[in-house]
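Working through the structure, step by step
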Number of protein chains: 2
Amino acid sequence: MAERVRAHIPEPTVLRLSIYQRILHGAASRGERTISSAQLAEAGSLNAAKVRRDLSHLGTFGMPGTGYDVAFLLERVDRALGLDRVWPVVIVGVGHLGRALARSPGFTTGGFRVVGLLDTDPAILGATIEGVAIRHLSELRDVAREHSPSIGVVTTPAGAAQHVAESLVEVGVCSILNFAPAVLNLPDRVLVRTVDLSVELQVLTFYQARLAGGAGLDNAL
Amino acid sequence: MAERVRAHIPEPTVLRLSIYQRILHGAASRGERTISSAQLAEAGSLNAAKVRRDLSHLGTFGMPGTGYDVAFLLERVDRALGLDRVWPVVIVGVGHLGRALARSPGFTTGGFRVVGLLDTDPAILGATIEGVAIRHLSELRDVAREHSPSIGVVTTPAGAAQHVAESLVEVGVCSILNFAPAVLNLPDRVLVRTVDLSVELQVLTFYQARLAGGAGLDNAL
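Quick caveat, the model's predicted, so the values are computed rather than measured.

1. Comments concerning the relation of the copies chain B and chain A
Superposition record for chain B on chain A: RMSD 0.0 Å, screw rotation 180°, translation along axis 0.0 Å. The operation mapping one copy onto its partner corresponds to a two-fold rotation axis. A share of 100% of interface residues in chain B that are also interface residues in chain A marks the association as one of identical surfaces.

Structure follows, in structure tokens:
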């Protein structure tokens, strides 16, 4: 069943569900009762037909002239994204990025709760961030026993990432968000998403180099 | 011409070029002279046919039984990604994430140089990170005059992002990497990439909720 659903919902739609979630959350907090696909499209810089197609995946359809019921649609989107429950998260690697994530609203609200911070640097062990103490990586199994984290965030240097990811999988973590510039080799059942922030910069320079009429593909094509 | 090239290279290929760049860089630093599409595929968790198709976009073709010349291919990939020059980057918003990025190898090597750090918090103005002083946002125009930054990174709270992005565009920045959880409305000529780290978590929970047989789309489909 999971496979069937996965095949049905393309990843770009999943990414947009996340955008709709934020827009709907804003509309709900302003007391708005209904929202049209045109309004959702405008707020998300998308086109309305795409919005309607995306939302039809959730079995929700707007009414002509009225649009969508905000509360109902928000509940549907939250459920689709798994945000109708709380996901315990552990962060391994409490350097600058780990700290930034541990304090970011996106990681501490709306379905996520940081339950563990792990590192190996004696200088920072015992310090707390948002009420969570930084513990030694060797205590990962204890943290897992206490909190059953389902998501592990890897913010270590590249050289440590594979070992850390394997350790996370060993204690039962089945989804990993990897910020280390390393390709992780893990069992197929583990969901891995690698976010390489320098890739984001390189995508920008790829396009900007083209716009500037720079070297590169221009010559090759 | 730029449009034509953009149409030719799908974004997923651009993202993979960035992966090849890292793998090739590693191979070059180990003194390897050639690399096969199978080796590239293995190192990047991709399939070899896709690797060959991607690289054919660069006009580079491996030789049967030998593979690709590492130095030649790396140079081609670097040029395609615009990494054959140095891109000056300004970061606006020097909180935890801004600091993490300012210190990250991906932002300070390999084609990028942080030339400006801007914030409005008097408590941090004047401090330096990796040799760059944090200046007040009101000095953005001066920073732009001195360094002509082409890329602006927005790591402010959501409420400040639109204003900051407009200020960046006004001083000549034409590519923006936005980490604020806000949709930016900017002229079409400006390249904008929004990275919302909580979206990455939500994509994981979307799939994990499905795998766990949870509520949501299962019911809707």
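Back to the text.
2. What about the interface of chain B and chain A?
At the junction of the two partners, chain B supplies 74 residues and chain A supplies 74 residues. Roughly 7,000 Å² is buried in total at the junction of chain B and chain A, and carbon and sulfur atoms are behind 69% of that figure. Taking the shortest distance from any N to any O, the salt bridge between R193 of chain B and E200 of chain A comes out at 2.5 Å. Linking chain B with chain A are 10 residue pairs in polar contact (both at pLDDT 80 or more). It is helix α10 (residues 197-211) of chain B that contributes the most residues to the side of chain B that touches chain A, 15 residues altogether. Split by residue class, the side of chain B that touches chain A holds 40 nonpolar, 20 polar and 14 charged.

3. Focus: the packing of helix α2 (residues 11-29) of chain A against helix α5 (residues 70-80) of chain A
All names here are of chain A. Viewed as axis vectors pointing N to C, α2 and α5 meet at an angle of 145°, and their least axial separation amounts to 9 Å. In this structure, α2 meets α5 at a crossing whose hand is left-handed. Here L17, Q21, L24, H25, A27 and A28 of α2 come into contact with α5, specifically with V70, L73, L74, V77, D78 and A80. In terms of residue class, the contact of α2 with α5 is built from nine nonpolar, two polar and one charged.

4. Some thoughts on helix α2 (residues 11-29) of chain B
With 19 residues, α2 of chain B should cover 27 Å at 1.5 Å per step; its first-to-last C-alpha distance of 27 Å lies within 8% of that length. Regarding α2 of chain B, the residues found buried are T13, V14, R16, L17, S18, Y20, Q21, I23, L24, G26 and A27 of chain B. Turning to α2 of chain B, the residues buried within the fold contact α10 (197-211) of chain A together with β1 (34-35), α3 (37-44), α4 (48-56) and α5 (70-80) of chain B. Remark: G31 of chain B follows α2 of chain B within two positions and exhibits a positive phi of approximately 80°.

Conventions and cut-offs
Residues numbered from 1 in each chain as written. Chains lettered and ligands numbered in written order. Predicted model: local features only at pLDDT ≥ 70, side-chain atom pairs only at ≥ 80, totals over all residues. Heavy atoms only, no water. Least-squares fit on C-alpha atoms with pLDDT ≥ 70 in both. Contact = heavy atoms within 4.5 Å. Buried area = accessible area lost by both parts, 1.4 Å probe. Salt bridge = Lys/Arg side-chain N within 4 Å of Asp/Glu carboxyl O. Polar contact = N/O pair within 3.5 Å; in protein donor to acceptor, adjacent residues only side chain to side chain. Helix = DSSP H or I, 4+ residues; strand = E, 2+ residues; numbered from the N terminus. Nonpolar A, V, L, I, M, F, W, Y, C, P; charged D, E, K, R; others polar. Axes fitted to C-alpha atoms, helices over the stretch in contact; angles between N-to-C directions. Left-handed = near helix turned anticlockwise from the far one by under 90°. Expected span 1.5 Å × (residues − 1). Buried < 20%, exposed > 50% of the residue type's maximum accessible area, 1.4 Å probe, protein only.

So yeah, pure geometry; function would need other evidence.
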